[in-house]
Amino acid sequence: MNLTKAQKLLAAGRFADAETALQTGETSRFDPRRSIVLARIHAEAGEMDRALEELAVALQQAPGHAPTHLYRGIFSCDIGNADQARICFEKVLELQPQNDLAWSYLALALCMGGADAAGLKIFRERGFNDNRWFLVRLAEWMETEWLENSRFFAPQAIEKPFEETGDIGGRTGRERRAMKHFRAKRYREMLDELEPLALGPRLDEETAFACALACEMIGDNTRALAHINRLPEGVDLPDALLAARGRNQMRLGLWEEAAEDLGRVLIIGPEDYGTNYCLGVLCLSHRERRRARRLLFRAFSDYIVDTYEYQFWQMTQALLAGDKSLPD
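Residues numbered from 1 in each chain as written. Predicted model: local features only at pLDDT ≥ 70, side-chain atom pairs only at ≥ 80, totals over all residues. Heavy atoms only, no water.

A. Representation of the overall build of the chain within the structure. When helices and strands are tallied, the chain shows 18 helices and 0 strands. In terms of principal-axis extent, the alpha carbons of the chain reach across some 80 × 45 × 30 Å. Buried residues in the chain amount to 48% of all 328 residues. For the chain, restricting intrachain contacts to residue pairs at least 6 apart in sequence, the fraction spanning at least 24 positions comes to 58%. Entry remark: accessible area of the chain is about 16600 Å², with carbon and sulfur atoms responsible for 48%. Averaged over its 42 positive side-chain charges, the chain has a centre that lies 4 Å from the centre of its 50 negative ones. (Helix = DSSP H or I, 4+ residues; strand = E, 2+ residues; numbered from the N terminus. Buried < 20%, exposed > 50% of the residue type's maximum accessible area, 1.4 Å probe, protein only. Contact = heavy atoms within 4.5 Å. Areas by Shrake-Rupley, 256 points an atom, 1.4 Å probe, with all protein chains shown as cover. Lys, Arg positive; Asp, Glu negative; His and termini not counted. Charge placed at Lys NZ, Arg CZ, Asp CG, Glu CD.)

B. Highlighting the layout of surface pockets. Considered as a void within the structure, the second largest pocket measures approximately 550 Å³ in volume. Lining the second largest pocket are 27 residues, with Gln156, Met217, Ile218, Gly219 and Gln317 positioned closest to its centre. At the level of secondary structure, the elements contributing two or more residues to the lining of the second largest pocket comprise helix H11 (187–198), helix H12 (205–218), helix H14 (239–251), helix H16 (275–285) and helix H18 (304–320). When residues of the lining of the second largest pocket are assigned to their parent elements, the largest contribution, 5 residues, is made by H18. Its residues assigned to classes, the lining of the second largest pocket comprises 13 nonpolar, 8 polar and 6 charged. (1 Å grid on protein atoms, 1.4 Å probe; cavity = no way out; pocket = protein on both sides within 12 Å on 5 of 7 lines; lining within 4 Å. Points joined across faces, edges and corners; volume = space filled by probe spheres on them. Nonpolar A, V, L, I, M, F, W, Y, C, P; charged D, E, K, R; others polar.)

C. Just helix H6 (residues 82–95), in detail. For H6, built from 14 residues, the straight-helix expectation of 20 Å at 1.5 Å per residue is met to within 8% by its first-to-last C-alpha distance of 20 Å. Residues of H6 that are buried make contact with helix H5 (66–78) and helix H7 (100–112). (Expected span 1.5 Å × (residues − 1).)

D. Region of interest: the confidence of the model for the chain. Looking at the chain, the pLDDT average stands at 89 and 91% of residues meet or exceed 70. Per-residue pLDDT, averaged within each element of the chain, yields its smallest value for helix H2 (residues 15–23) (70) and its largest for H7 (98). A low-confidence stretch, residues 323–328 (pLDDT under 50), is modelled with 9 contacts involving residues beyond four sequence positions or located in other chains. (pLDDT = per-residue confidence, 0-100.)

E. Representation of unusual backbone geometry in the model. You will see that Ser150, though not glycine, has its phi angle at about 60 degrees, which is positive. For Ser150, the position within the fold is in the loop between helix H9 (132–149) and helix H10 (171–183). Of note in the backbone geometry, Arg287 takes a positive phi value of approximately 60 degrees without being a glycine. For Arg287, the position within the fold is in the loop between H16 and helix H17 (289–299).

F. Looking closely at the side chain of Asn221. As for its placement among the helices and strands, Asn221 is situated in helix H13 (residues 221–229). Every residue in contact with Asn221, bar those within four places of it in the chain, is listed here: Pro155, Gln156, Glu216, Asn248, Arg251 and Leu252.

G. Up close: the state of the cysteines. Here the structure, examined in full by the defined rule, presents 0 disulfides. With no disulfide of its own, Cys215 lies 6.5 Å from the sulfur of Cys211, the closest cysteine sulfur. (Disulfide = S-S within 2.5 Å.)

H. Representation of H10 in the model. Helix length check: H10 (13 residues) gives 19 Å between terminal C-alpha atoms against 18 Å at 1.5 Å per residue, within 8%. Turning to H10, its buried residues are Gly173, Arg174, Ala178 and His181. Within H10, the buried residues cover an arc of 130 degrees as seen down the axis, which keeps them to one side. Residues of H10 that are exposed and point over 90 degrees away from its buried face: Thr172, Lys180 and Arg183. Tucked into the core, H10 has its buried residues touching H11. Remark: Lys185 follows H10 within two positions and exhibits a positive phi of approximately 60 degrees. (Arc of directions from axis to C-beta.)

I. Region of the structure containing the packing of H16 against H17. Between H16 and H17, the least distance of the axes is 8 Å, while the angle of their chain directions is 165 degrees. Taken together, H16 and H17 sit at an angle that is classed as roughly antiparallel. Of the two possible hands of crossing, H16 and H17 adopt the one that is left-handed. Packed against H16, whose contacting residues are Asn276, Tyr277, Leu279, Gly280, Cys283 and Leu284, the element H17 presents Arg291, Ala292, Leu295, Leu296, Arg298 and Ala299 at the interface. (Axes fitted to C-alpha atoms, helices over the stretch in contact; angles between N-to-C directions. Parallel < 35°, antiparallel > 145°, perpendicular 65-115°, else oblique. Left-handed = near helix turned anticlockwise from the far one by under 90°.)

Here's what the structure looks like:
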């Protein structure tokens, strides 16, 4: 049995070869690791029933093997069986009470099953595990809830009127205070400082982008687009503004416009402006789950800093705001 080779073949998408690799070498002694890898092969090939059956058989021989319970719970989440997933994660925690990944998955399973208060209590107390596939599944569930039930990311309107202003005071002071608010993620205060500048007679791309970003992070996607659209027509927008327009169009259900803008963003550095994440959501909207996962994984791996700073922050804010009866 060659676990390392099988896992490399699995990562390359060569499922049949990966399964063959597991058959080579010593096979007389049961090894639950083999069952886990084989289950992963089945799952990646879209054969979830086989994956779960493989893990169920393995647990008959090794009922105390925590990783097998963990994977069975993860795959149960993948098929929407939140109750079975919860049972599996609770078993992991009986065996390994300090398993932080199992705690995060248990919280997710509870939320998926409608026990939001219990799930959010775990997230509030223990935070969010940084395992990339957990983050992908959390994002996938939240975005699906948004697409199907308008939860978490439904656009909100800022009550403050959107109108041009007269006296704006010192520009330098406003920009300095706005930067402090930005670093502290105080986006409403940031907008209060910068919007008078954006609504004045001299609008520049940097101010328009900063106001649009603040509006987006607050959840007022219509207002964010309004700031971008105040720029002169016919101007080629830089990638940051192009992506911002695409992100806000996506939240407003302007799918074709969002896809066009996001598709024009050139990613050449460490930042992707949320493009991979949003393209993943667009794929989810078309029920292209496998492609969506690849894009979301890229967002949480190759562009993790950018994604953590913005999309993940929005995710956690939206999720933890779901039950205001829970203590901060």
